[in-house]
Every structure is written in C-alpha cells, then in structure tokens.
Amino acid sequence: MAPRVQLEKAAWRWVESVKPEEIKQEHIELAYRINLPACKRGACRRNCRGNPNCLVGIGEQAWLGEIDENVFHNIDDPNSERRDKNTFVGLTNLGATCYVNTFLQVWFHNLELRRSLYQFHNSRAEEHNIQSDYEPQSICEHLQYLFALLQNSNRKYIDPSGLVKALGLDTGQQQDAQEFSKLFLSLLEDTLSKQKNPSLQNVIQQQFCGQFSYVTECNQCGRSSALPSRFYELELNIQGHKNLSKCITEFLKEEKLDDDNRYFCESCQSKQNATRRIKLHSLPSTLNLQLMRFIFDRQTGHKKKLNTFISFPEQLDMGPFLEDKQDQKCIYELSAVLIHRGISAYSGHYIAHVKDALIGDWYKFNDEEIEKMEGKKLQLGVEEDIGDTVKSQSRKPKCSKGYHCSRNAYMLVYKIQGEETSDPTRTNVEVPPFLQRLVDQDNRKFEEWCTEMADMRKQSVDKGKAKHEEVKKLYTLLSARDGEQYDFIPTDWLKKWLDDSTVSKEIDSSLFLCSHGKLHPDKVGEVKRISFQAANLLYERYGGGPRLDGSSLCRECVSQQCRVLRLKNQLSEDFKEVSNLVKRSISGEGYWVGKASLRSWRQLALEQLEEDEHETKPSNCQTNGQGLHSNNKDFASDLSEALEDEMKTFNEDIVCSHGGLSILETERKLVSTEVWTKLRKYFPKSPKFSQNQELCQQCLTLEQEEKDNEAVSKMMALDQKSQLPNLFHEKNRPTLTKWPQGTDVLYIVPLFFVDEWKKFIRRPTKSSPVSNVGNTLLLCPHGGFMFTYESLINGEAQHVTLLWPDEWEVISRLFIVDHSISIHCLKQSTSNDGSAQFTTQPELCWECRESFLFQQQRDLREYTQATIYIRKVLEDKGMKDAAPELNASSSEAEEEREEHHKLDGGTDPDFSQVPSSPDNSIKGKRGGAEGGAVRLGSSDDTQAN
C-alpha cells in the first residue's frame, strides 16, 4: 500500500476538476477512502494508517493460531518458592544484609546453640493465639523463631527483617561483619545469662568462650605477672603470612618491652625491660578464627582489604599452642568458611560455606540461593575466580591434601572433632511444640498463598482462552464487503482490544466528530472501516459510541475542504497576477487596501485557508455536536496568533479605532477593482473601503484638536522660557557658599520641579506642562523646613534650586505655589568680623530634622534597604554621533542629548560612575541622597539584579 501522504493526496485529487456545488456521492466516498483495497496478510509489514480498510498489523498476529497458555499470565509458578526435599532454607537479602545472613546460617548449623535457643523461655510464643500473626519482641525470641523456620518451613527462603529491625541495623548500609559477630554474641550472652535454666546461662561461654592470659616477665628480677582474659574469637594478623599456623604463632609470640615501652615492675618499683606473650589455657567447642583482612591504612585514613592467599587445614591441631593440655581435646575440624567477595573493604558480597553437622556435606549459602557442593569436600575455587579482580594478583599457591587456600576468607569456624557424632542424642534437635505450632501456622499461610496464586494463574489463563476464541471469531468478520453496511471504529481501540496486557474499555468515537456531528474527513486515518455485523457484536459487549456508520460521511465538510483545496491550488497563480496588477495605473473606480495587508496577503490567505480546513473540528469533544465551532464564526476572532501583532485580519490595518477609514494616507494604497475582486475571494469578510469612502470624522476632529493643543503648548513654552531665560540655561545662578551682594533673601523650589519644567520647555509637544511648584516635598508634617543652611552647603543642596526674588515673582504668577520657602541673610551688628546669620521661612523643625538625621545614621549602620546601581561599560560608539529626530526642534535635540548623557552616567545626581579599581565597592542610594555604580567590564551579557 502507498504511504499515508500519497493516499491523502489521491483521496482529494478530484477537487482539481470538481467545484464544491458539483460534488456527488462518489466524490464523498473518495474523500473518505471507502473503496481503497484492503491489505492482505503478509503483504503489509505494518498497518497502513491512511487506509481505513487495512486490518492487518493491528495486533491480530498474536491471536491467530495456537497459543501457549503461559502467555495469558505474568504470575510465576508459586511452587518455585517451595522448599525442595532434603534441602536447607535460605534468607532474603534486604539490601545490604548478606553479612547478617552468613552468620545466621553458621549459628543455625551449630546444633548445640540451636538446641539451647529452643529451650529459651518464651511465654509470648507459648500463649500465642494462632488466629493472628506472631510477632517476636526480644532478640532471642526473633532468633528462636527464625531457627524454627529455617528447620521446618515449607518456604524456599524466609525473611529475616524482624530480627534485623530489632537489632537496629541499616538495611541499605553494609556494616563491619567481624564487629557485628562480636556484638551479637555479646548481646546473646547477656540475654541468656538472665534465664533461670542453668544450661542456658552459660551456653555462649561453653560454645565460643576460651581462656588466655597476658603474661609479662621482668628481665631484671624475673618476676612474672599474668592477666587472665576470655575470648570469643582469635583475631589473627594475616599480613606477611601464607598459612594459618604462622598466623597463630605470631599471635602467641613473645613481645619485647623496652625503651619508651618499658614495663613498671612491682618488685623493682621501677620501669624495666620485659617480655610479654599470650598463653592459651583453654579452647571452646567452637573456635572462631577472625582473619584480619580489613585493616586501617594510615596513609589514606580508610580501611582496605588484604587480598593475599592464606592456607588453612581441614583438621587443625591446637595442641602445640596450648600451655597445659591436660585432658583437653585439641583436634578441630573445619565446619564453616565465611567469604567476602570484592576488592574493597566498603563494598562486596558475603557468602558462607557451611558443613552439615549431621551428614558432613558442604553447602554454599548465598542469601536465597543454596548450593550443595559436589562430593564431601569443600570447594572454594569458583569463589576465588569471581573475586579475582585485583590488577596484580599473585598466583594461587598449590594446596597440600587436606588444605584449602583463599584470598577472600575472613572467618574460619572449627569445631572439636567428633563432639556431635559421638552422642546420637546430641545430633537430634527437634523444634519444640510451641514453636512448631507457629511454624505450622506460617506453612498454612504459605500454602494458602500458593493456592491463591495458582487460582489467579488459572483465571488469567481461562480469560485469555476466552479472549482468544473471541478474537478468532470476530477478526474473520471485521472486513467490510463492498455494498454491505459498515461502521467506523477507532484504530487505537482495536489495537488495545487485541493487546492482552490492557483491559478493553468502551468504544469512544467522540474525538473523531466534525462540527456537524459526523466523521471528520481528516480523521479517516485514525479509524478502521469494519462490517456492520462485527460492529454490532463489539458494541453489544463493550458499549460506547456514538456509532459512525455509512450515514456519517459529512457532505458539508467535504464541500468546505474542496473549496479550500481549490483556493490553495490557485493561490500562487493569483499572487503573481496581483503583484503585476498593483504596479499598473488605475483607471476607473478603485479600493483602499492597507500596505501591510498587501505585503502579507498571501500569508494571511494561507492562514485563513488552513483555519477553514479545521473549522469543522470539535472544540470540546462533545458527542452530540454541541459546543462545536460554527461555520459562520467570524474569521478575525479565530485566526492564528502567529501573524503580525498589528494585523490579525486582512485590511484591518487601515481601520481606525472608531471602525472607519484611517486618516493616515501613508498606510494605505489604492488598487483596481480587478485586484480587489481577487483579494475579496480569499477575504470575503474583510473591511471594504471604496475610493470615495470618507475618512473618519472623529479621527479628523481629534487630529485638529491635537494640532491646536500642540500650538498652545509651544506658545506657552516660548512665553515661560522668555520670562525665565537664566533659570532654563542655568546662567547667573545664586549660591549659598558665596552669598550674593545686593540681596538679603533667596527663594527655594524643589529640583524636581525645575527638571520637569525644562523637559516641557524643550519638548512642549511631547511633555505635559507643569502647573504646580510642590514645595510641600521640602517640608515636614508640621510645616517646618527640613534643611539647615549648613546642611545645604555640605551636600543636601542637590534636592533644591535657588531662585532670585524676581524669578520667584514670575514663578508665583505662572504656577500654583502651595508654600513659599525662602532663606534670609541677617547681618549681626554686634559682630566686628562681619559674619552673618541665616534663617529660613518657614523655620527649621528641629524635631523632624533630628529624626531625619537619626534615620540616616541608622541606614548607614544597618544598610537594610538600598538601591544598587550597576554600570555595564560598553564601547563608546555612535552615541555622541546619534542624530536627533528629523522633525525635532533645536531644544528637543538638546533634550535628547541630555537624556543620552544621563544614561551614560554623566550628570545624573543619583548615578555617578566610579572608576574601576580593586578597592571599588557597591554604593547604595538612600532617599535619593547618595548614588554609585560598579564597573563590571564590557561584557554584553552583564545583568543587574
């Protein structure tokens, strides 16, 4: 099948020879592609979106033919989580708790410890009502219940989160495994020591506790002192050693105490050279040997892992290391090896190799996964290969028979030889009835879950098989035959109906309606034409609507589209013709057209045609046609926002605000009747102005009034300038630092008033005339003056302007003055030096003046509010060469230059530029009294906040 774009063009190719009023049913069916041939299976790679009769590639492939029932569900077989016969139970890794799981498996396989924990008095478990879930509280209760589940649970693995939570461990962070072992055994010993049963009180000591002493001998007098101590594991240094025997020998070797490390001898009563060593006196039934793989690196300040190989035997004779053997058993057999895979001390994975105490088989415990080793021997080769990621690894040494080598083992567990197998009663560890009752309860829950999962699998399979039969039956009925009734169904709905992972909803066709409540021609590519019989079955089962049958082909939309396409095809030809016609002289009657409209009429026409194409689309997806666009809707309110802001519809650029013809003749052009006729064909609703159209009378009146007002403003400006020439040009101005002779009074007005007045004088047509002086700005609420003679001399004169008495008379006559402010010079007759006294009228308000000064000092100290000026320094180009407006007077040009100068920081009192230097700082403006700027360089993207 041809691509979608080609199908769309072929569906409307007939519009080149058919006018809208000549449209027949055959043209409508061509537009809706009713007679396109349906695609055949195998010939169409993917569904043809442009062909409503293409029903292949919509998801039917998965349903045609035989289907394996496993595809109808995503539920794993619950029996895969069932414990296999004669296997052990694993433990779930909660994130970073693999080190906990390894120790739990090792302790579980210690039969004596397991038997003792089962004897722990647990009234909560004994009295528990099995109607509710059992929740242990103490550490021993958790461990007791966990061991019972590990022994008799039906699950393949169990969740130790209760114990981990009770221990307060962070499941997302890996802890020090050796430290965890010490703390947990200590906590367990403390808890069990409080039991009434004597056999429980000492079970940790009996299983894990040995005795040694630190013996120190004075070299001077020979006095020997011993400090006895208990141990639960021997911490062996492996650095520099290749086998376990040498590690133990170093642990027990003699140490010299000399120089700064001398020993204080009680007999000699002084510090003497001495020797110190550890003497082993007794060993526990379970001997834990911690291999110190994780050491502190003083150079980096972090722990690091030693990945060196250590050789250790399956059978360990501790006799040579004991001080006094007596009747002690000294032969130990290897029962567990704890492995850390990884090269870093802060990451990696922990697993445990544990020997079954009953039959002697070795198992690898890796969280949920448990693997039995082949034969009866421990095999570490695979684990060592996985951990072999260090760059410069040494070769694995050859191990003698009965020995093993590992670079990842961090703990070795040895048990006294024959301790458990010698007594059959010691190998039989039964779960107590009160715990077995709880295990049975958990097993029942597991079986119920398995049954529930199996039922869910069956329901999914049954549902899938029913859907399979439905699709095979309906898909053969989907194709609509020629001459028979048909319906249109959304393609997306059909695909979801054929997608087993989604639930089929009711059929929704409202998105495909035109403004007439029928199928929009542009939506044909999003629907499929199916048989009326198949549509009845689908609507009967799934519901929805509205139904789009053969009567839903919209003649009005096809006619509108035909008109638009014909105009689009003719647009380029008409554009060339109009471009040539507007160049010719006009003979006869003409019409006014906006120049901007004439420049962009082709774009406007294209926008309107595209709008007309989509005019019939729904606006809010209502199914009954209500709330849709109207065919008669005004084009101006619906045109695209992408056009020029000043013109949204053709010819509106010469329409004034009163709706009449604009008086601006430079913005319009007279075109011939022939040109207007062609343009009117594309813009039938555009404003129409004939050559004899009168201009808007309101605009003419306003224009005349504006000219009159400008003339009055110019006359007023010239009159005020002639009366106050020195004030305007800033010539012959009085100053306070050198009081002018011949006068004893000067008048004061705000500088703001003078600046606004000068703006009006320079540009009377663009600035508003000044009517009020506004001296209230310089007075306090009590009517008193806010400045002293000294403060005006010392910097506050920038707020005011001084006037001569004759200038004040002119200002009082020309403007409305709210208050008169003056400063007087009084000669002191008693003074011989001719000094003068200055007073103001009105007089200074000391109360407000002090408050003003206090606030200034406070602002300087606290600096809580300020205006920060930041100057962006650019190349000084073109600014001083900029020409004034062509129609501006000389005074207006002078004003423009002054404003540009102020923008450059020239004379603006609130913006004085600071030279660039390392000591520059940002200055703040407070109340207009101070200003500053910062020189940031010449970057064009400098911003100020």
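Residues numbered from 1 in each chain as written. Predicted model: local features only at pLDDT ≥ 70, side-chain atom pairs only at ≥ 80, totals over all residues. Heavy atoms only, no water.

## Remarks on the overall build of the protein
Each helix and strand in the protein was counted, giving 27 helices and 33 strands. Within the protein, residue pairs in contact and separated by at least 24 positions form 72% of the contacts whose partners lie at least 6 positions apart. Surface exposure of the protein reaches about 52300 Å², of which carbon and sulfur atoms provide 47%. (Helix = DSSP H or I, 4+ residues; strand = E, 2+ residues; numbered from the N terminus. Contact = heavy atoms within 4.5 Å. Areas by Shrake-Rupley, 256 points an atom, 1.4 Å probe, with all protein chains shown as cover.)

## Brief notes about the sheet that holds strand E9 (residues 274-282)
Adjacent strands of a sheet pair through backbone hydrogen bonds, lying either parallel or antiparallel. The sheet built from four strands is open, its strands ordered E4-E3-E9-E6 with antiparallel pairing. What marks the edges here is a single partner per strand, and that holds for strand E4 (224-231) and strand E6 (255-257). Pairs of neighbouring strands in the sheet enclose a mean axial angle of 30 degrees, with direction left out of account. As paired elements, strand E3 (residues 210-218) and E9 share eight bridges and run antiparallel to each other. Paired with Val215 across the bridge in E9 is Arg277. (Pairing = 2+ DSSP bridges. Axes fitted to C-alpha atoms, helices over the stretch in contact; angles between N-to-C directions.)

## A word on the pattern of salt bridges
Considering all chains together, one arrives at 22 salt bridges under this definition. A salt bridge links Arg124 to Glu141, with the shortest nitrogen-to-oxygen separation between them at 2.7 Å. Highlighted residues: Arg124 in helix H5 (residues 123-126) and Glu141 in helix H6 (residues 139-152), separated in sequence by 17 residues. Look at Arg124 and you get partly exposed, because its relative accessible area is 36%. (Salt bridge = Lys/Arg side-chain N within 4 Å of Asp/Glu carboxyl O. Buried < 20%, exposed > 50% of the residue type's maximum accessible area, 1.4 Å probe, protein only.)

## Description of the sheet that holds strand E21 (residues 486-490)
A sheet is described by the order of its strands in space; here three strands give the open sequence E23-E21-E25, paired in antiparallel fashion. Two strands in the sheet have a free side with no partner beyond their single neighbour: strand E23 (527-531) and strand E25 (548-549). Taken together, the two bridges between E21 and E25 define a ladder with antiparallel strand orientation. Pairing of Asp487 across the sheet is with Asp549, part of E25.

## Observations regarding the packing of aromatic side chains
The final tally for this structure, using the stated rule, is 31 aromatic pairs. Aromatic side chains Phe728 and Trp757 sit 6.3 Å apart centroid to centroid with 85 degrees between the ring planes, which places their arrangement in the edge-to-face category. Note that Phe728 is positioned in helix H22 (residues 725-729) and Trp757 in helix H23 (residues 751-762), a separation of 29 residues in sequence. By relative accessible area, which is 4% here, Phe728 ends up buried. On the basis of relative accessible area, Trp757 is assigned to the buried category, the value being 0%. An aromatic cluster is present here, built from Tyr99, Phe103, Trp107, Phe180, Phe184, Tyr350 and Tyr410 joined pairwise through their rings. Across from the ring centre of Phe108, 3.8 Å away, lies the NZ or CZ of Arg114, which sits over that ring. Over the face of the ring belonging to Phe575 we find Arg602, whose NZ or CZ atom lies 3.9 Å from the ring centre. (Phe/Tyr/Trp six-rings, centres within 6.5 Å; stacked < 30°, edge-to-face > 60°. Lys NZ or Arg CZ within 6 Å of the ring centre and 35° of its normal.)

## Describing the environment of Gln205
Counting through the fold element by element, Gln205 comes out in helix H10 (residues 203-208). Separated by 25 residues in the primary sequence, Gln205 and Arg230 place their C-alpha atoms 9.2 Å from one another. A distance of 2.9 Å separates a polar atom in the side chain of Gln205 from a polar atom in the side chain of Glu189. (Polar contact = N/O pair within 3.5 Å; in protein donor to acceptor, adjacent residues only side chain to side chain.)

## Quick look at the environment of Glu127
Relative to the elements of secondary structure, Glu127 occurs in the loop between H5 and H6. By relative accessible area, which is 67% here, Glu127 ends up exposed. Distance in space between the C-alpha atoms of Glu127 and Phe434 is 8.4 Å, their sequence separation being 307 residues.

## Focus on helix H3 (residues 98-108)
Counted residue by residue, H3 has eleven buried out of eleven residues, so it is predominantly covered. Here H3 has its buried residues at Cys98, Tyr99, Val100, Asn101, Thr102, Phe103, Leu104, Gln105, Val106, Trp107 and Phe108.

## Looking at the packing of H3 against H6
Two elements in contact, H3 and H6, have axes whose closest approach is 11 Å; the angle formed by their N-to-C orientations is 75 degrees. Relative to H6, the element H3 lies roughly perpendicular. For the pair H3 and H6, contact is made by Leu104, Gln105, Trp107 and Phe108 and by Leu143, Leu146, Phe147, Leu150 and Gln151, respectively. In the contact of H3 with H6, the residues fall into seven nonpolar, two polar and no charged. (Parallel < 35°, antiparallel > 145°, perpendicular 65-115°, else oblique. Nonpolar A, V, L, I, M, F, W, Y, C, P; charged D, E, K, R; others polar.)

## Quick word on the side chain of His520
Mapped onto the elements, His520 comes out in the loop between strand E22 (507-508) and E23. Exposure remark for His520: the relative accessible area of 3% places this residue in the buried category.

## What to know about the confidence of the model for the protein
For the protein, mean pLDDT is 79; residues scoring 70 or higher make up 82% of the total. Within the model, the stretch residues 618-646 combines pLDDT values under 50 with 51 contacts to residues more than four positions away or in other chains. (pLDDT = per-residue confidence, 0-100.)

## Brief notes about the packing of helix H4 (residues 111-118) against H6
Where H4 meets H6, the axes come as close as 9 Å, and the angle between the chain directions of the two elements is 120 degrees. The angle between H4 and H6 places the two elements in the oblique class. Between H4 and H6 the crossing geometry is left-handed. The segment H4 lies against H6, with Arg114, Leu117 and Tyr118 engaging Cys140, Leu143, Gln144, Phe147, Ala148 and Gln151. (Left-handed = near helix turned anticlockwise from the far one by under 90°.)

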